[in-house]
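Here's the letter readout for the chains.
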Amino acid sequence: MELRLDIPDNINIQDLFGNYDSNVKKVEKITETEMTVRDGSLLIKGKDAELAMRIIGRLIEALNVEPGLDSQRLNYIIDMEANGRQFDAEKTSRDIICYTHMGKPLRPKTQAQKQYVDNIRNTDMVFGIGPAGTGKTYLACAMAISAYKNREIERIILTRPAVEAGERLGFLPGDMQEKVDPYLRPLYDALYDVLGMDAAAKLREKGVIEVVPLAYMRGRTLDNAFIILDEAQNTTREQMKMFLTRMGFNSKVVVTGDITQIDLPSGTVSGLKEARKVLTGVEGIEFSYFTEVDVVRHELVKRIIKAYESYDKTHKAKSSSQKTGNQVR
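Residues numbered from 1 in each chain as written. Predicted model: local features only at pLDDT ≥ 70, side-chain atom pairs only at ≥ 80, totals over all residues. Heavy atoms only, no water.

**As for the overall build of the protein chain**
Part 1: Across its full length, the protein chain holds 13 helices and 11 strands.
Part 2: A buried classification covers 47% of the 329 residues belonging to the protein chain.
Part 3: Of the contacts made within the protein chain by residues no fewer than 6 positions apart, 67% connect residues no fewer than 24 positions apart.
Part 4: A total of about 18,000 Å² of accessible surface is found on the protein chain, and carbon and sulfur atoms cover 49% of it. (Helix = DSSP H or I, 4+ residues; strand = E, 2+ residues; numbered from the N terminus. Buried < 20%, exposed > 50% of the residue type's maximum accessible area, 1.4 Å probe, protein only. Contact = heavy atoms within 4.5 Å. Areas by Shrake-Rupley, 256 points an atom, 1.4 Å probe, with all protein chains shown as cover.)

Put into structure tokens, the structure is as follows:
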């Protein structure tokens, strides 16, 4: 099959093709096609020319919205089209949440991220569930900072459970805040990236931003606040209920977690897993789900997640087969 795609005059061929044609070569490899440029048009020949044409078309749409194609955006568009889903660059990439302290626009990079951001805007309580690297915590922090700058809330509260906060924590040097800081470091990283270290430190000194372990939340009622619970898969059912009932008037709550990375002692029920069962369908609460397609870290992270998922499925299938065999005997 041979197809022809006209390249718009406003599209920079270098941006579309990538350094040393790396973008086109990747699409060629996946679709088993060959591409050549002739008279301002792209000729596509090969096994899955239609898929290749759709991918190149989406890349052109993405370049019309935002110049430059990093490897993450390229891989995401390829994955979406290969799985029969369309990437809406116009809807996703034009949504600027805020600007970082370096002046860089911060926007959703995937459609799942866009849905997550929309849910946070339109709903008072949102759960973001998915693997590492999908931007759950980072986007929640960005939305919190945006809400504060727009004077929608008066303070930002970030919390996460310190899973090993028992005896081991006691042996760490310093006061309680210094002991728990290592557990809260990912939250600081998100704040520093968006606000800058100095601005974030000033807001913490003023009490506008609190970064606290989950245990410190008991007994509080939080009005006019944007509250984020990170690593929620490591809460117990009691901790989760305690946290969710801290919500006060004119507040937003975002809960993030990865139910495949639970570090609780064996036999302990994850508060996040139970909350998903109990609260799905409750009015005023939304659940946003991410998959490995939405990973915005190094490409290897996505491959690692896929490899573990494949291994777990095979392992479970073997275990089930062995149990069945033992029962037959």
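After that view of the structure, there is still more to cover.
**Thoughts on the packing of aromatic side chains**
Part 1: Under the criterion given, the structure shown has 5 aromatic pairs.
Part 2: The interplanar angle of 90° and the centroid separation of 5.3 Å between the aromatic rings of Y76 and F87 together place this pair among those described as edge-to-face. Of this pair, Y76 sits in helix α4 (residues 71-82) while F87 sits in the loop between α4 and α5 (89-93), and the two are 11 residues apart along the sequence.
Part 3: Through a chain of ring-to-ring contacts, three or more aromatic side chains come together here, namely F127, F287 and Y289. (Phe/Tyr/Trp six-rings, centres within 6.5 Å; stacked < 30°, edge-to-face > 60°.)

**Let's talk about the pattern of salt bridges**
Part 1: Per the stated rule, a full pass over the model turns up 16 salt bridges.
Part 2: The shortest N-O distance in the salt bridge between E66 and R73 comes to 3.9 Å.
Part 3: By relative accessible area, E66 is classed as partly exposed at 24%.
Part 4: Here E231 and R160 are joined by a salt bridge, their closest N and O atoms 3.1 Å apart. A residue pair is termed long-range when its members are at least 10 positions apart, and E231 in the loop between β9 (225-229) and α11 (237-244) and R160 in strand β7 (residues 155-160) qualify at 71 residues.
Part 5: Looking at E231, the relative accessible area reads 25%, which means it is partly exposed.
Part 6: One salt-bridge network, in which partners are shared between bridges, spans R54, R58, E61 and E81. (Salt bridge = Lys/Arg side-chain N within 4 Å of Asp/Glu carboxyl O.)

**A word on the side chain of R160**
Part 1: For R160, a relative accessible area of 9% corresponds to the buried category.
Part 2: Here D230 takes part through its side chain, which lies 3.4 Å from a polar atom of the side chain of R160.
Part 3: Reaching out from R160, the side chain makes a polar contact with the side chain of E231 at a distance of 3.1 Å. (Polar contact = N/O pair within 3.5 Å; in protein donor to acceptor, adjacent residues only side chain to side chain.)

**Examining the pairing of β7**
Part 1: Across the 6 residues of β7, 5 count as buried, placing the element largely inside the fold.
Part 2: When β7 meets β9, the two strands line up parallel, connected through 5 bridges. The residue bridging T159 from the neighbouring strand is L229, located in β9.
Part 3: Pairing of β7 with strand β8 (residues 209-213) involves 5 bridges; the strand directions are parallel. If you follow L158 over to β8, its bridge partner there is V211. (Pairing = 2+ DSSP bridges.)

**Some thoughts on α4**
Part 1: Taking 1.5 Å per residue, 12 residues should reach 16 Å; α4 reaches 16 Å between its end C-alpha atoms and fits that length.
Part 2: With 10 of 12 residues buried, α4 lies mostly within the body of the structure.
Part 3: Taken residue by residue, α4 has Q72, R73, L74, N75, Y76, I77, I78, D79, M80 and E81 as its buried positions.
Part 4: With its phi angle positive at about 75°, G84 sits one or two positions after the end of α4. (Expected span 1.5 Å × (residues − 1).)

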